[in-house]
8 protein chains.
Amino acid sequence: MNHLCPSDFARLDMSRRERTGFGETVFCPGKTLPQLLAIMQRFQAADEAVLGTRCTPEQAAFLQAQNLPVDYDPTSRILTSQWGTIAPLKGRIAVCTGGTADLPTAEEAARTAEFSGATVDRFYDVGVAGIHRLFSQLESIRRADVVIAVAGMEGALGSVLSGLVAAPVIAVPTSVGYGAGFQGLAPLLAMLNSCAEGMTVVNIDNGFGAGAAACRMLRMKENRSDEQ
Amino acid sequence: MNHLCPSDFARLDMSRRERTGFGETVFCPGKTLPQLLAIMQRFQAADEAVLGTRCTPEQAAFLQAQNLPVDYDPTSRILTSQWGTIAPLKGRIAVCTGGTADLPTAEEAARTAEFSGATVDRFYDVGVAGIHRLFSQLESIRRADVVIAVAGMEGALGSVLSGLVAAPVIAVPTSVGYGAGFQGLAPLLAMLNSCAEGMTVVNIDNGFGAGAAACRMLRMKENRSDEQ
Amino acid sequence: MNHLCPSDFARLDMSRRERTGFGETVFCPGKTLPQLLAIMQRFQAADEAVLGTRCTPEQAAFLQAQNLPVDYDPTSRILTSQWGTIAPLKGRIAVCTGGTADLPTAEEAARTAEFSGATVDRFYDVGVAGIHRLFSQLESIRRADVVIAVAGMEGALGSVLSGLVAAPVIAVPTSVGYGAGFQGLAPLLAMLNSCAEGMTVVNIDNGFGAGAAACRMLRMKENRSDEQ
Amino acid sequence: MNHLCPSDFARLDMSRRERTGFGETVFCPGKTLPQLLAIMQRFQAADEAVLGTRCTPEQAAFLQAQNLPVDYDPTSRILTSQWGTIAPLKGRIAVCTGGTADLPTAEEAARTAEFSGATVDRFYDVGVAGIHRLFSQLESIRRADVVIAVAGMEGALGSVLSGLVAAPVIAVPTSVGYGAGFQGLAPLLAMLNSCAEGMTVVNIDNGFGAGAAACRMLRMKENRSDEQ
Amino acid sequence: MNHLCPSDFARLDMSRRERTGFGETVFCPGKTLPQLLAIMQRFQAADEAVLGTRCTPEQAAFLQAQNLPVDYDPTSRILTSQWGTIAPLKGRIAVCTGGTADLPTAEEAARTAEFSGATVDRFYDVGVAGIHRLFSQLESIRRADVVIAVAGMEGALGSVLSGLVAAPVIAVPTSVGYGAGFQGLAPLLAMLNSCAEGMTVVNIDNGFGAGAAACRMLRMKENRSDEQ
Amino acid sequence: MNHLCPSDFARLDMSRRERTGFGETVFCPGKTLPQLLAIMQRFQAADEAVLGTRCTPEQAAFLQAQNLPVDYDPTSRILTSQWGTIAPLKGRIAVCTGGTADLPTAEEAARTAEFSGATVDRFYDVGVAGIHRLFSQLESIRRADVVIAVAGMEGALGSVLSGLVAAPVIAVPTSVGYGAGFQGLAPLLAMLNSCAEGMTVVNIDNGFGAGAAACRMLRMKENRSDEQ
Amino acid sequence: MNHLCPSDFARLDMSRRERTGFGETVFCPGKTLPQLLAIMQRFQAADEAVLGTRCTPEQAAFLQAQNLPVDYDPTSRILTSQWGTIAPLKGRIAVCTGGTADLPTAEEAARTAEFSGATVDRFYDVGVAGIHRLFSQLESIRRADVVIAVAGMEGALGSVLSGLVAAPVIAVPTSVGYGAGFQGLAPLLAMLNSCAEGMTVVNIDNGFGAGAAACRMLRMKENRSDEQ
Amino acid sequence: MNHLCPSDFARLDMSRRERTGFGETVFCPGKTLPQLLAIMQRFQAADEAVLGTRCTPEQAAFLQAQNLPVDYDPTSRILTSQWGTIAPLKGRIAVCTGGTADLPTAEEAARTAEFSGATVDRFYDVGVAGIHRLFSQLESIRRADVVIAVAGMEGALGSVLSGLVAAPVIAVPTSVGYGAGFQGLAPLLAMLNSCAEGMTVVNIDNGFGAGAAACRMLRMKENRSDEQ
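Only a predicted model underlies this, so the values are computations on that prediction, with no experimental measurement involved.

A. How the structure looks around the packing of helix H2 (residues 33-45) of chain D against helix H3 (residues 57-65) of chain D. Residues and elements named next belong to chain D. Running from N to C, H2 and H3 cross one another at 55°; their axes reach a closest spacing of 10 Å. One element, H2, and the other, H3, form an angle in the oblique class. Of the two elements, H2 crosses H3, and the hand of that crossing is right-handed. Of H3, the residues touching H2 (which contributes Leu-33, Leu-36, Leu-37 and Met-40) are Glu-58, Gln-59, Phe-62 and Leu-63. Considered class by class, the residues forming the contact of H2 with H3 number six nonpolar, one polar and one charged.

B. Summary view of the interface of chain H and chain A. Listed as interface residues are 43 residues of chain H and, on the opposing side, 43 residues of chain A. Buried surface at the junction of chain H and chain A, summed over both partners, amounts to about 3,400 Å²; 51% is from carbon and sulfur atoms. Among the residues chain H hides against chain A, the three largest losses belong to Glu-197, Arg-216 and Met-220 of chain H. Together they make up 24% of the total. The tally of links from chain H across to chain A stands at four salt bridges.

C. Examining the interface of chain C and chain E more closely. Taken together, the contacts link 18 residues of chain C with 21 residues of chain E. When chain C packs against chain E, close to 1,500 Å² is buried across both sides, 54% of that on carbon and sulfur atoms. Remark: the boundary between chain C and chain E carries one salt bridge. With a shortest N-O distance of 3.7 Å, Arg-133 of chain C and Glu-24 of chain E are connected by a salt bridge. Where chain C touches chain E, the interface holds nine residue pairs in polar contact (both at pLDDT 80 or more). Split by residue class, the side of chain C that touches chain E holds eleven nonpolar, five polar and two charged.

D. Representation of the arrangement of the chains. With respect to C-alpha atoms, chain C approaches chain F no nearer than 13 Å, and the pair has no contact. The two units chain C and chain G never meet; even their closest C-alpha atoms stay 15 Å apart.

E. Expanded view of the pairing of strand S4 (residues 78-81) of chain A. Residue and element names in this part refer to chain A. Neither face of S4 is open: one carries Ile-78 and Thr-80, the other Leu-79 and Ser-81, and all of them are buried. Here strand S2 (residues 51-53) pairs with S4 via two bridges, running antiparallel. Across the sheet, residue Leu-51 finds its bridge partner in S4, namely Thr-80. Summarising the sheet, strand S3 (residues 70-73) and S4 pair through four bridges and their orientation is antiparallel. Paired with Asp-71 across the two strands is Thr-80, which belongs to S4.

F. Quick look at the relation of the copies chain H and chain A. Take chain H, turn it by 180°, move it 0.0 Å along the axis, and it overlays chain A with an RMSD of 0.0 Å. In the structure described here, the two chain copies are related by an operation that fits a two-fold rotation axis.

G. Quick look at the sheet that holds strand S1 (residues 25-27) of chain E. Residue and element names in this part refer to chain E. Pairing is mixed across the open sheet formed by four strands, whose spatial order is S1-S2-S4-S3. Bordering the open sheet on either side are S1 and strand S3 (70-73), each of which pairs with just one other strand. Neighbour-to-neighbour, the strand axes of the sheet open up by a mean angle of 20°, direction not taken into account. Docked against the sheet, helix H2 (residues 33-45) engages S1, S3 and strand S4 (78-81), running at close to 180° with respect to S1.

H. Spotlight on the sheet that holds strand S1 (residues 25-27) of chain A. Residue and element names in this part refer to chain A. Strand order in the open sheet made by the four strands is S1-S2-S4-S3, with mixed pairing throughout. In this open sheet, the two strands that pair with only one neighbour each are S1 and S3. This sheet shows a mean twist of 20° between the axes of neighbouring strands, independent of strand direction.

I. A look at the environment of Ser-81 of chain F. Residues and elements named next belong to chain F. Its place among the elements puts Ser-81 in strand S4 (residues 78-81). Along the chain, Ser-81 and Gly-52 lie 29 residues apart, while their C-alpha atoms are 8.6 Å from each other. Beyond its immediate stretch of four places on either side in the chain, Ser-81 contacts Ala-49, Val-50, Pro-69, Val-70 and Phe-115. Within polar-contact distance, the side chain of Ser-81 engages the backbone nitrogen of Val-50 at 3.0 Å. From its side chain, Ser-81 meets the backbone oxygen of Trp-83 in a polar contact 3.1 Å long.

J. Representation of the confidence of the model for chain A in the model. Of the residues in chain A, 94% have a pLDDT of 70 or more, and the chain-wide mean is 92. We note a pTM of 0.95 for the whole complex and an ipTM of 0.94 for its interfaces.

K. Inspection of the domain arrangement of chain A at higher detail. Residues and elements named next belong to chain A. Taken domain by domain, chain A comprises domain 1 (6-81) and domain 2 (92-224). For domain 1 and domain 2, the distance between their C-alpha centroids amounts to 26 Å. Both faces considered, domain 1 and domain 2 share a buried interface measuring about 1,200 Å² in area, 65% of it formed by carbon and sulfur atoms. One can count one salt bridge joining domain 1 with domain 2. In this structure, the salt-bridge partner of Asp-73 is Arg-111, at a minimum N-O distance of 3.2 Å. Along the contact surface separating domain 1 from domain 2 lie three residue pairs in polar contact (both at pLDDT 80 or more).

L. The relation of the copies chain C and chain E, seen in detail. Superposition of chain C onto chain E requires a rotation of 90° combined with a translation of 0.0 Å along the rotation axis, giving an RMSD of 0.0 Å. With respect to symmetry, the two chain copies, as superposed, fit the operation of a four-fold axis. No C-alpha of chain C lies nearer the rotation axis than that of Phe-182 of chain C, which sits 7.3 Å from it.

M. Broad picture of the packing of aromatic side chains. A full pass over the atoms with the stated rule returns twelve aromatic pairs over all chains. Their ring planes at 25° and their centres at 6.2 Å tell us that Tyr-178 of chain A and Phe-27 of chain C sit as a pair that is stacked. Placement of Tyr-178 of chain A in the loop between strand S8 (169-173) and helix H8 (185-192) and of Phe-27 of chain C in strand S1 (residues 25-27) is noted, with the two residues assigned to different chains. By relative accessible area, Phe-27 of chain C is classed as buried at 17%. Over the face of the ring belonging to Tyr-178 of chain G we find Arg-54 of chain A, whose NZ or CZ atom lies 3.5 Å from the ring centre.

N. Representation of the environment of Asp-8 of chain H within the structure. Residue and element names in this part refer to chain H. As for its placement among the helices and strands, Asp-8 is situated in the segment before helix H1 (16-20). Residue classification places Asp-8 among the exposed positions, given a relative accessible area of 56%. When the C-alpha positions of Asp-8 and Gln-35 are compared, they lie 9.7 Å apart, and in sequence the two are 27 residues distant.

O. Quick look at unusual backbone geometry. If you check the backbone angles, Asn-67 of chain F has positive phi at about 65° while not being a glycine. Positive phi values are uncommon outside glycine, yet Arg-77 of chain G reaches one of about 60°. Inspection of the secondary structure puts Arg-77 of chain G in the loop between strand S3 (70-73) and strand S4 (78-81).

Basis of the calculations
Residues numbered from 1 in each chain as written. Chains lettered and ligands numbered in written order. Predicted model: local features only at pLDDT ≥ 70, side-chain atom pairs only at ≥ 80, totals over all residues. Heavy atoms only, no water. Axes fitted to C-alpha atoms, helices over the stretch in contact; angles between N-to-C directions. Helix = DSSP H or I, 4+ residues; strand = E, 2+ residues; numbered from the N terminus. Parallel < 35°, antiparallel > 145°, perpendicular 65-115°, else oblique. Left-handed = near helix turned anticlockwise from the far one by under 90°. Contact = heavy atoms within 4.5 Å. Nonpolar A, V, L, I, M, F, W, Y, C, P; charged D, E, K, R; others polar. Buried area = accessible area lost by both parts, 1.4 Å probe. Salt bridge = Lys/Arg side-chain N within 4 Å of Asp/Glu carboxyl O. Polar contact = N/O pair within 3.5 Å; in protein donor to acceptor, adjacent residues only side chain to side chain. Buried < 20%, exposed > 50% of the residue type's maximum accessible area, 1.4 Å probe, protein only. Pairing = 2+ DSSP bridges. Least-squares fit on C-alpha atoms with pLDDT ≥ 70 in both. pLDDT = per-residue confidence, 0-100. Domains from an automatic or database assignment. Phe/Tyr/Trp six-rings, centres within 6.5 Å; stacked < 30°, edge-to-face > 60°. Lys NZ or Arg CZ within 6 Å of the ring centre and 35° of its normal.

Rendered as structure tokens:
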């Protein structure tokens, strides 16, 4: 099984970090255990740091049982390699959630960003049903360079935040809710239709995408050689 | 034309006010001018106050040209009879809007309630993109017995208000917006999925329904004979 | 586990009852057992009565096994604290259902209202397929100050009731049905498009929301000091 | 123009009446004036009675200006040939509507059936918002062999009727309504999810289909030779 | 458990057969075992024949274990009482399916009709992909007074049949398919938009509704006393 | 105006024919008259044959008034250059329609293919409501190398054809219909869910796409040099 | 069980291969084990090669345990008979995927085509996120006569490929993705709206349909007797 | 008319620029001419620069006829005040489009950003159907700090760009397309489901939102005083 050749089913994008600033990520669903192992070993051989998303506990346990040096966080379902080095990023990211049930997605965003070198502050359960909870944290949130707003149900957190801070806001709708929430469609539409400018949106439950986009934004704080 | 008999195409519900506390309403779209005139004359003959909704300027002008004693408000498209008497209601209704473009629906709600005897306070353009605008009016809004929250785009106004006042909140999504607003679907879903309890919702752009429901609620302030 | 600090993942809204008349509610889905326990203990410490919704039997059993004084109703999936005191409300709420399968949602509405101090009368299985069943109960239903109409499938119960009673009607669509019911979309749309005025709507299967809104309405029967 | 050959763009189904009991129908939208004329003339030449649906006033006026012996009803947009003979059908069809705005669709159903030889009784504006209006007509409606229930908005009329009569009920949703009515989707879904058995449904605003299906049912009242 | 009183959760419609010609039906999903037993026993006590739909094997086994004299067909999930008498109906119903996977729905239609006294002929797997299979059965299908067309995927069977027979066609879309079939939405829409007149439609997978409607149609073959 | 430089708003793909066998096409909607003229002149200068789709009569008239040598067909809204040369293709394409109203889309397919060098046979109005019309043409249709099936409403034509011919079938749903046809969604879903294998689908009303794809397929009849 | 007669539930289309060039296929879902066995045995008796799609491991194991000579591939869920003979096809098909998770659908396409006599080249994991991976394979892909592009998520692979090759492209959306991917709706819509001409689309996850359509296209490479 | 008081219908957010870095914007649709004039005059009196979006030519002409010093661009429908001063921003924004028809939305993005002080480079008509057009511009696009990708139809441009550049990519779906494009739904879903990380999305046709968000990102290039 260890001799499975990834080139039969996967073409690893080894130049991705150089090209886009973010190494290739492994989307774990739908991959068999041998496929996943072969892919990870290939990255390990190249000493290329790698992140896996939506990794099941079974997939993680299998990889660890094969002595692959990876860490796994069951809340965010994020798998991270212990190998490879990633340079730290300047600036701070604030990850805010509307409620406690948004935690898995928020942690996916936070851990993705942290793995990529960012500093992350967490502000959880500051949703609009009790808006004083948000106001009590506002000073701290305003210190962030990028704000990630994670919310399900009616998804109003992003709009409210965008009207209160000057940083770019990335809104992440979650599938938290029921009935006419339609598995996250309600907050997705709400976030796309925000009356507050300066907010952009990612897919439902896509904490990873929000974290990765936030890191691209933080890189703007570097002094680039070609800039004059 | 004046001899058109409404019983051919319409069965007027003359006992409605007695049964439900709210007289029958004429939904104007799809009715021909002669049909509309015959219906209104029937109410006039019975001296039964009547309200018309979504009345076009052409329909209103035709009725007035026939010397029918009706008033017409082009913003709300509400048509009201000058005949009939309606007893005043106790208590106050606050009608709030997210933005200026929500005015037609808000006025439909306000004028429906006023025609039914209610006292209405208007708080327009207090949407969440600049939430301090809402907070500056909050003391006044809290004086209301029923709050109507009219908003398009992401429709967050209802959720925020429900978390701040103790009165029942009736949320009215509007078709204000574009793209993934899908003609009001976005705020409708957002309002149905509110994380704040105590809010109920009516159809998109249904100011009339919100005003009528608010009046039913105000009637709870009367001392009813059967209550002991 | 008992030492888990809720402030890491939850900001409890202890002033909610004072602000909105309704204490904070715990939405149980997606919360881990330790999170749920820590949250409930925090309310217990403050002697603040608390309601949990959509609580699984496993969650309830865990809390009771930890000697937390809570009651659990498996039909409505409502969890209620034995601590805290709630003042009774004047007036009566009628909870009606279209069919037997709507019971869980109806009971969620009824128990939410009862926990908040309301008196509730139940009228179950009075749907429109055999409308004489509804008429035989109409006198009793008309005694209510607020009517909650719970129905799946075509959701016609709300419209029919709104045309027959003078009280405000809160319609609750349920996911009962199949095929083109689309998990409650059919009755939701039907209720939003009611031809009878005076009805407002909550999310699919949201008995809790209906019960809470009904209580806000009942509070209108109190003599408020600021009313003159 | 009169020399246009229909076989270039249309293959008329001259054996349809024999095969299905119902002659071919011309769906007028999207047909040019010359195409429409050529098609109708072909039927005229065969002395085959023909019905046109959704015919615009312009199309009808053009055909009549060409001296084609056809009748046109602007409410239902039905065009009928004066040529051809159709045998009368036994039994009666009741066409009921929820409101006055459903008239065009109801008339399309009624006139389709009448053109096919059926006897039709009309019961308009008997919707569920004032259900006593329906009950006052119930004895008459029960005399029908087939009931057609035409309704927009929440479309509850069909369910209520199906629970009250023994005849088959054909429900026709209409696009009357606005907002979350989604051009007739709301009553369509409601009718498909009826809790009352014995009802079948046709497309939104498809009065023609309902009238034609009702005639197929009435033909069951004939004594068929092959039946033993 | 046997002492559970159905009036707490169910109001049985004992006059239904007299009113609509079809006895009340028990929709089994969402009913607890004790509720189901209590309901059935009530019908048994009245010697009123009763049909249960979508009954799980577990529900059926429980009832039989309680010595309730009922029959159960696992394919159609139909439960039928051994008590009560139902008069036979004149005429024949043809039940056709597009494919083998449509069998459960087709059998639900067939057994519903048979329980109500109808004679049913089955024509299974005559879908349009190999249309000669349909043509080889056409003579037999044409002998039916009502045709039920059960099909999933693109649902073309109903349209093709409606163009070939003179009997009313009831189309039943099924959830057979995958992907953009959207659990039966594709055949449902196809059937509603049939270019062949004379067809009506029921809910997705609603074999019961088709069978019941077909029986209402067959009753037109009786000589009714009020017909003159 | 004639001096407008296309490189400001359009990058013409002059190597497209060489790369894909099909020259670039101009999608006319949303282009201003000067933009359209500048683009066409650029192609004219290169003597590169070019096709415009969904061209309005106003756009065509403007170009012709500027003496641009182009032809315009108002039925298909196809604009074609008189310049440039295109080699003829081997084989035949059959374009079939369900009804007369599908003609514009069918002609778009046919003229696209003809402009690209293909031979096209037209079989119009052979829909499934009168399936004998299709059978009478079947021998001729079977002579085609590629069959294009254009149909609105329930879109069954493609499935029926795919089960009867051996050639690849390209299905084109059209927006012909109303109500639950949802502007072509119904036939689109039906065609995607065909139970007959060998059919592929293009966008609603996309006759152009069908014609272009058919030409790619016909090219398979050439002897290619790299084939061994 | 072995004596079950398929004619009770299935009418096998034994002339299908002759008529359409592709033998009948068994859609395995929803078929009971005895039904499946009886159907396969019927094909075996006729020595007619047969393909089963979406076959579960349980179904395959059962058939093999009954000594039916069939092969099963768990990745594609394709079942193939060892009996029957199929003539090889000229030309080559390229099957490309966007990612590793699209493999099951891609293999369904590839194995369907191979079973039908085609030569297939696989190009997996060449999605647009790292477009150099696609370019490195382009020379080889261009050698194909038909290209099948299998992709989930945003489904851009088909558009990009259609602009780069001259062969017809069959796009297969997959349900790979989450959230607003809506089980494959996102790539389906993207593929239908491709700005690159020459591409046609099949149902979500319908590898079988793509493989079968590709084979129909390859048959164009034969010299047909009726062609002159 | 000039005396209309904006406080009746609009509460201008004069502290918005200070709070969020972006002054208040006027959403012009649904505002009457007097309302629009009164709002603009209020900003003029405060010498606060202001931007209007989706302004019709009629609205712009009216304001200019009242001697209000504003500029209007009919392509983007952007209205800008000549008064007020805005500080320039560091860095560059690249605005790319898939086709010429995306120009209005692209210009809305570009002009919003330019009005806010940003430097914008335009790369129009670089869509994926002819991907060499994009590659020829790639070096220049990579110089941008933020990339805005504007595309309709299948919306693949954003995904392809995100895999090729290191800057954050803001994707703007447009309503360009037809049929199953569903007014921009297809590219919206495609962009939300991008397999390339680092991209965020705004509403359909929301060029303004993309431009405003890009400016928030550019501000990260400033040295902020609170950063240590």
